[in-house]
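Breakdown of the fold
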Amino acid sequence: MHIAAINTSDLLIPLWRGTFRVESTDDQLTWAWAVLTKATWKAHRSLIADATPFLPGSFDRPPRNPAEKINSSYKAWEWLLYLYGMAPATLYGVLPELYWTNFCRLARGLRVMQHYHISHSDLLDGHCHLLDFADEFEEIYYQRRMDHLHFIRPWVHSITHIGPETVNKGPPIYSSQWTMECTIGNLAQEIRLHNSSVYANLSQRAARRCQVNAIKAIIPTIEPSDNASPKGSLDIGQGYLLLRRREITAHAVRPCEAQVILRYLSDNDVHVTSAPLITRHPIQRAMINSFTNLYINYNLLSIQTDWTD
């Protein structure tokens, strides 16, 4: 997480912008890679910000304008999308070809290493790209100059060990900080308001989680398989599902439907006198609106849906 997102950006971006520390015996004007300056940097940051509407929602947090947030609140996920998703394309023709090609080796290698499942051929390919990046980085940036020695951060060497460690430990995504932070967040949600003995509670929740996982590993059939098909869908073959109709705006129901809904509410001690307005939500809940909003489980409603309407 830190190597791919934070450490790499903390070195490469200042180098490309020409803002990295310069020794007294060095001349920043000789840095052929320092091209993200003035108008070029302004155009690049605008390009990143303007791309947000075109990114899928599954990308979670899209990269914001790097000029405004890069030194304060840029998230690790934004760095990953920016450096390895967008930068190889947006820096093409901007960085000199030698430095752009070197960066693409890094992007290719780290992309492979962030997969959940890595084949043997992909692992070799990614490892070779990271080795080539590290060797070439020293040649074109460091240039065996003492006043460039501070360009060689520890991560430049560390990435050459990711491939061999993947063979020993599995894909890094399973042992990275992403996994640890997710686990800590899940356990913290289970603690809730028990603050009197928070650490004892946390240890007990973690121990219970380990016990449950151990039982599932020993007896895989103990956990029922989940039905991936949404409720009300129709399997039409070849990997396709026909989903039921859904609406997001309230509308008046037919009298026969109103009677069914009102009868159900009355049986559950919810008294509504007028015909309701119903909204079918993707989360399978229905909102009944009659002066007050009442939420009931849509799964309990017995309303027939005519696919031919």
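The present account deals with the structure reproduced in this document. Since this is a predicted model, take the numbers as computed values, not measurements. (Residues numbered from 1 in each chain as written. Predicted model: local features only at pLDDT ≥ 70, side-chain atom pairs only at ≥ 80, totals over all residues. Heavy atoms only, no water.)

Notes on the overall build of the protein chain
When helices and strands are counted, the protein chain shows 11 helices and six strands. A buried classification covers 31% of the 309 residues belonging to the protein chain. As displayed, the protein chain has an accessible area near 19700 Å², and 55% of this comes from carbon and sulfur atoms. (Helix = DSSP H or I, 4+ residues; strand = E, 2+ residues; numbered from the N terminus. Buried < 20%, exposed > 50% of the residue type's maximum accessible area, 1.4 Å probe, protein only. Areas by Shrake-Rupley, 256 points an atom, 1.4 Å probe, with all protein chains shown as cover.)

Considering the pattern of salt bridges
Within the structure shown, the criterion is met by nine salt bridges. One salt bridge in this structure joins Arg145 and Asp26, with 3.2 Å as the shortest N-O distance. Here Arg145, found in the loop between α6 (120-142) and α7 (154-158), pairs with Asp26, found in the loop between α1 (2-17) and α2 (38-50); they are 119 residues apart in sequence, far enough to count as distant. Of the charged contacts in the structure, one is a salt bridge between Arg254 and Glu257, with a shortest N-O distance of 3.3 Å. A network of salt bridges, in which partner residues are shared, links Asp26, Arg145 and Asp147. (Salt bridge = Lys/Arg side-chain N within 4 Å of Asp/Glu carboxyl O.)

Looking at the nonpolar core
In terms of nonpolar packing, the biggest core is built from 45 residues, with Trp16, Trp33, Leu106 and Tyr141 touching the most fellow members. Taken together, the elements giving at least two residues each to this core come down to α1, α2, α4 (76-90), α5 (97-113), α6 and α7. Residue contributions to this core peak at eight residues, all from α4. Sequence-distant contacts of Tyr141, that is, excluding residues within four places in its chain, are made with Leu15, Trp16, Trp33, Tyr99, Asn102, His148 and Phe151. (Core = buried A, V, L, I, M, F, W, Y, C linked by side-chain atoms within 4.5 Å. Contact = heavy atoms within 4.5 Å.)

Observations concerning the packing of aromatic side chains
Scanning the entire structure with this criterion turns up 16 aromatic pairs. Here the aromatic rings of Trp31 and Phe151 are separated by 5.5 Å at their centres, their planes lie at 85°, and the arrangement is edge-to-face. Taken together, the residues Trp31 in the loop between α1 and α2 and Phe151 in the loop between α6 and α7 connect sequence positions 120 residues apart. Like Trp31, the residue Phe151 is buried in the burial classification. Grouped by ring-pair contacts, the aromatic residues Phe20, Trp31, Trp33, Tyr99, Phe133, Phe137, Tyr141, Phe151 and Trp155 constitute a single cluster. (Phe/Tyr/Trp six-rings, centres within 6.5 Å; stacked < 30°, edge-to-face > 60°.)

What about α1?
Turn by turn, an α-helix covers 3.6 residues, leaving residues three or four places apart pointing in a common direction. Here α1 contains 16 residues, and its C-alpha end-to-end distance of 21 Å stays within 8% of the 22 Å for a straight helix at 1.5 Å per residue. Its maximal kink placed at Ser9, α1 deviates by approximately 40°. Looking at the buried side of α1, the elements it contacts are α4, α5, α6 and α7. Trailing α1 by a residue or two, Gly18 shows a phi angle of about 75°, which is positive. (Expected span 1.5 Å × (residues − 1). Bend = angle between axes of the 7 residues up to and from the residue.)

Observations regarding a negative patch on the surface
On the surface, a cluster of negative charge is made up of Asp132, Asp135, Glu138 and Glu139. Relative accessible area serves as the criterion here: at 37%, Asp132 is assigned to the partly exposed category. (Patch = residues over 30% accessible without salt bridge, like charges linked within 9 Å, V, L, I, M, F, W, Y side chains within 5 Å. Lys, Arg positive; Asp, Glu negative; His and termini not counted. Charge placed at Lys NZ, Arg CZ, Asp CG, Glu CD.)

Side note on unusual backbone geometry
Positioned with a positive phi, Lys38 is a non-glycine residue whose angle comes to about 50°. With respect to the helices, strands and loops of the structure, Lys38 is situated in helix α2.

Things to note about α6
Taking 1.5 Å as the rise per residue, α6 with 23 residues should run 33 Å; its terminal C-alpha atoms sit 32 Å apart, in good agreement. When α6 is considered as a whole, its buried residues turn out to be Leu123, Gly126, His127, Leu130, Phe133, Ala134, Glu136, Phe137, Ile140, Tyr141 and Tyr142. Where α6 is buried, its residues contact α1, α5, α7 and α8 (162-169).

Spatial relationships are all this shows, so hold off on functional conclusions.
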